[in-house]
Amino acid sequence: MDAVQNAREAYDAIHAASLADPETFWLKAAEAIDWFERPTRAFDASLGVYGRWFPDGVVNACHNALDRHVAAGRGEQTALIYDSPVTGVKRTYSFEELTHEVSRFAAVLQDFGVGKGDRVVVYMPMVPEAVIGVYACARLGAIHSVVFGGFSAAELAKRIDDAEPKLILTASCGIEPSRKVAYKPLLDRAIEMSTHAPEAVVLLQRPELPAELVERRDHDWESLRDAAMGRTTECARMAATDPLYILYTSGTTGTPKGVVRDTGGYLVALAWTMSGLYDIKPGEVFWCASDIGWVVGHSYIIYGPLLIGATTVLYEGKPVGTPDAGAFWRVIEEYRCVSLFTAPTAFRAIRKEDPNAEKLKNYDLTGFRALFLAGERADPATLQWAEEKLGVPVIDHCWQTETGWAIVGNPLGVGLLPVKHGSPTLPMPGYDLKVLDDEGHDAPAGKLGNIVIKLPLPPGCLPTLWNDEKRFRESYLEGFPGYYQTSDAGFVDEDGYVFFMARTDDIINVAGHRLSTGGMEEAIASHPDVAECAVVGVADAMKGQTPVGFVVLKAGVDRPAAELEREIVQVVRDRVGPVAAFKTALTVARLPKTRSGKILRGTIQKIADGEDWTMPATIEDPTALDEIGEALKARG
Ligand code: COA
Ligand code: AMP
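Residues numbered from 1 in each chain as written. Chains lettered and ligands numbered in written order. Predicted model: local features only at pLDDT ≥ 70, side-chain atom pairs only at ≥ 80, totals over all residues. Heavy atoms only, no water.

(A) Quick look at the UniProt feature "domain: AMP-binding enzyme C-terminal" (unreviewed entry) in the protein. Annotation from UniProt places "domain: AMP-binding enzyme C-terminal" (unreviewed entry) at residues 520–598. Spanning residues 520–598, this segment combines 27% helix with 32% strand, and its end C-alpha atoms are found 17 Å apart. (UniProt positions renumbered as here; feature names shortened; annotations may be inferred. Helix = DSSP H or I, 4+ residues; strand = E, 2+ residues; numbered from the N terminus.)

(B) Geometry of the packing of aromatic side chains. Taken as a whole and assessed by the stated rule, the structure comprises 33 aromatic pairs. Taking 6.3 Å as the distance between ring centres and 75 degrees as the angle between the ring planes, the aromatic pair formed by Phe286 and Tyr300 counts as edge-to-face. Note that Phe286 is positioned in strand β16 (residues 285–288) and Tyr300 in helix α10 (residues 295–307), a separation of 14 residues in sequence. The class for Tyr300 is buried, based on a relative accessible area of 0%. Three or more aromatic residues joined by ring pairs make a cluster, and in this case those are Phe25, Trp26, Trp35, Phe43, Trp53, Phe54, Trp405 and Tyr431. Residue placement shows Arg159 over the ring face of Phe151; its charged tip is 4.5 Å from the ring centre. (Phe/Tyr/Trp six-rings, centres within 6.5 Å; stacked < 30°, edge-to-face > 60°. Buried < 20%, exposed > 50% of the residue type's maximum accessible area, 1.4 Å probe, protein only. Lys NZ or Arg CZ within 6 Å of the ring centre and 35° of its normal.)

(C) Structural context of the UniProt feature "domain: Acetyl-coenzyme A synthetase N-terminal" (unreviewed entry) in the protein. When the UniProt feature table is mapped onto this chain numbering, "domain: Acetyl-coenzyme A synthetase N-terminal" (unreviewed entry) sits at residues 11–65. As annotated, residues 11–65 has a helix share of 42% and a strand share of 11%, and its two end C-alpha atoms lie 28 Å apart.

(D) Summary view of the sheet that holds strand β4 (residues 78–84). Spatially, β5-β4-β17-β16-β18-β19-β20 is the arrangement adopted by the 7 strands of the open sheet, whose pairing is mixed. At either end of the open sheet lies a strand with only one pairing partner, and these are β5 (89–94) and β20 (394–396). This sheet shows a mean twist of 20 degrees between the axes of neighbouring strands, independent of strand direction. Pairing analysis gives 4 bridges linking β4 to strand β17 (residues 311–315), with the strands arranged parallel. Residue pairing for β17: Leu80 is matched across the bridge by Thr312. Seen against the sheet, helix α4 (residues 95–111) touches β4 and β5 and runs at an angle of roughly 90 degrees to β5. (Pairing = 2+ DSSP bridges. Axes fitted to C-alpha atoms, helices over the stretch in contact; angles between N-to-C directions. Contact = heavy atoms within 4.5 Å.)

(E) Geometry of the pairing of β5. By the bridge criterion, 6 bridges tie β4 to β5 in an arrangement that is antiparallel. When the sheet's bridge partners are listed, Leu80 is paired in β5 with Tyr93.

Printed below as a string of structure tokens:
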């Protein structure tokens, strides 16, 4: 039997076992975790919305990622490598050092009264203190909620109001290659805008752009850390079902969804993936070049590698421009990374700047075993380029903030399955994935439909939305009773390979960042001169998609279109944030709609992408579509 057939048989056996007998499968996987009280059962269907994992397990995430490795003799091994080309700083922390830092900073949090179940918002750039802050929360059983730095004050305010944090951890600035991002004024504005007021803010001053502290409310990170010298804290005993974090993600409206992550199921699932999917062993260096503000950063910068005693890399830089398209190769060589996980957009950026990968010749990538891509559809051209230039398996895998780990992937640790470009391969253990037509019937192989997962979701996936079980049910469970609706359209081929083709909702994916066109529309609609608008994601060679807004002005508004369009771009930047990359607003006389008043966003998008389109039979006024075409042509 050849290796390919072996791998497929091994995969089939594992996947089938995980569905046929989830109790045995996940209790076995749970052995990778150090429990204060080992769970006696894997799943209880009677708890929560669709059941809960490891209902009687008692555990702590920080203990599993840090303390236990020190106790097991790994104290001197590097746990965290901080590499910041934007500041020129490099720093490493051993497991022992990181454990001490976290234990000490948790004492600082305790002094603010932070304990089990309290929320702490972390609004920080990619600095080690952010990781220390997150682990300090986990240590005490406080629920962290990290907010990505590229969001606006208004978005941050929404998250503060929903999570109601006792404390906010922040830094004076983030550093983008083109500018310093002053976090403090954004945070001050967010706190002004929000109804909920945190009791305190702890701020890390960065020398590149220090910030003024607000008296009584704000506290200096370093001074508190100094004062806590020699203090230690214990890891709290948490129920496996207790939330570890809330991570907000875009929904179809401007109100973000607070994805809740439980503790035990998440640790078990991550530990399985570190070996089964990524094939990483304790002591090896795994680099996930994402941001801690995204789910990928939570799972594979902060938690996953440390959980199994591997080393993680915290990279404060970009794939290009810090300083050039050889940046990734430099990091891989310097730290002997065995694998890299990033978004396809990063590779598109590298390829654009260095199409022949000339820079690669300057680095020794011996020991580099695999590249993992996720976050957006991996276009076959980029995938092929990476395979050819790197000469290692390039593994596309697909997941969502909601799931916390891969739904579909190619399990390198079980055995590499043949890669089909355009498909992230096969469902991971515990995911009973189906493609259903709109009426809920199984779609035949090759036929596009709704990608759904039969309940229960496997460990690690969201049990609910923070403060909003109703929205959880409505968004994910009611569309196809008995299934979790991914809101992705796709198909399964005759070999079982899954292809994710597009979202079925108003979510777009810009440079691997998930954004709501509905949220951008809400921002545009707040402009006093706007009557109505539609935002669609238009294909972009580097970012995958970029948003374009079509705007109808109120009757009687008689101002230069260019001036208004600039203001509208600014409104989106102010209300959603620079991460939306919203640069194009086009004024049109009317929007194409159906006779029942539904805006024909799909058709607008096809026109913008230069794809074939047909005139919808239900259109109210066909000339509105011509106008869209003309507005796009005029803008080039
Ligand atoms: N804090 C503040 N602002 C941020 C930010 C952060 N953490 N991250 C991005 N921004 C800003 C950028 O400065 C930029 O602002 P600008 O309009 O003033 O230029 C804007 O948000 C858009 O940023 P980005 O999407 O990163 O575009 P870019 O052109 O600066 O860089 C890439 C393009 C491809 C290099 C970059 O998007 C990238 O590295 N992507 C990888 C994505 C990724 O890791 N996704 C995680 C999922 S796996
Ligand atoms: P996020 O919650 O930000 O991780 O975004 C999740 C969405 O990104 C998914 O629902 C998909 O639409 C898309 N996505 C993520 N990874 C992939 C992938 N490998 N292939 C295709 N789409 C992907």
